[in-house]
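Take a look at the letters that make up each chain.
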Amino acid sequence: MEASGHARWFERLLGELGYELWIGDPAKIRAAEVRRQKTDRRDAEHLMQLLLEDRFARIWVATLEERDLRQLVLHRHRLVGLRRRVKNQLQAEPKLS
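The model shown is predicted, which means the values in this text are computed figures rather than measured ones. (Residues numbered from 1 in each chain as written. Predicted model: local features only at pLDDT ≥ 70, side-chain atom pairs only at ≥ 80, totals over all residues. Heavy atoms only, no water.)

S.K.: Looking at this model, I keep getting lost on a nonpolar patch on the surface. Mind explaining?
M.R.: On the surface, a cluster of nonpolar side chains totalling about 500 Å² of accessible area is made up of W9, L13, L17 and Y19. Looking at the element boundaries, L17 is found in the loop between α1 (8–16) and α2 (26–31). Since its relative accessible area comes to 55%, L17 is described here as exposed. (Patch = residues over 30% accessible without salt bridge, like charges linked within 9 Å, V, L, I, M, F, W, Y side chains within 5 Å. Areas by Shrake-Rupley, 256 points an atom, 1.4 Å probe, with all protein chains shown as cover. Salt bridge = Lys/Arg side-chain N within 4 Å of Asp/Glu carboxyl O. Helix = DSSP H or I, 4+ residues; strand = E, 2+ residues; numbered from the N terminus. Buried < 20%, exposed > 50% of the residue type's maximum accessible area, 1.4 Å probe, protein only.)

Spelled out as structure tokens, the structure:
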């Protein structure tokens, strides 16, 4: 399958079912094809040809565990930023004497 931003649910489903999903680099896959009109049938035939010739340009994909860990790190980063902004606002307020 070519890389796209909206297939995470499909990747997760295949992973849970025990299938290995290869995700290809669209730019390299397209560059390997002679310029012709693009159709789903021709795309499928081209992908099959690349797989048979062992020329399929795979990209690295993070595992489910790595993605979950990244989400936790991103959440922590946002919380730290929120804490920093609140502390800066508190320090910037004029003190009443």
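S.K.: Any chance you could explain unusual backbone geometry here in plain terms?
M.R.: Excluding glycine, a negative phi dihedral is what most residues carry, and trans is how most peptide bonds are arranged. You will see that D54, though not glycine, has its phi angle at about 55°, which is positive. You can see D54 is positioned in the loop between α3 (40–52) and α4 (64–92).

S.K.: Sorry, what's going on with the environment of P26 here?
M.R.: Structurally, P26 can be placed in helix α2. Residues P26 and R12, 14 residues apart in the sequence, show an inter-C-alpha distance of 20 Å.

S.K.: Would you take a moment to explain the confidence of the model for the chain for this structure?
M.R.: Low pLDDT marks regions whose predicted coordinates should not be analysed in detail. For the chain, per-residue confidence averages 85 on the pLDDT scale, and residues scoring 70 or more make up 95% of the total. Within the chain, α2 has the poorest average pLDDT of any element, 80, and α4 the best, 94. (pLDDT = per-residue confidence, 0-100.)

S.K.: I'm lost on the packing of aromatic side chains in this one. Help?
M.R.: Geometry of an aromatic ring pair is reported as the spacing of the ring centres plus the angle between the planes. Within this structure, the stated rule accounts for 2 aromatic pairs. When the ring of W9 is compared with that of F10, the centres are 5.7 Å apart and the planes differ by 70°; the resulting orientation is edge-to-face. Judged by its relative accessible area of 58%, W9 falls in the exposed class. For F10, a relative accessible area of 28% puts it in the partly exposed group. (Phe/Tyr/Trp six-rings, centres within 6.5 Å; stacked < 30°, edge-to-face > 60°.)

S.K.: Explain the pattern of salt bridges to me, please; I cannot follow it from the model alone.
M.R.: Between side chains of opposite charge, a pair can form as their charged atoms come close. Tallying each qualifying case throughout the model produces 5 salt bridges. Here E11 makes a salt bridge to R67, at a shortest N to O gap of 2.5 Å. With E11 in helix α1 and R67 in helix α4, the pair connects residues that are 56 residues apart, well separated along the chain. The closest approach of N and O atoms between E53 and R55, which form a salt bridge, is 2.7 Å.

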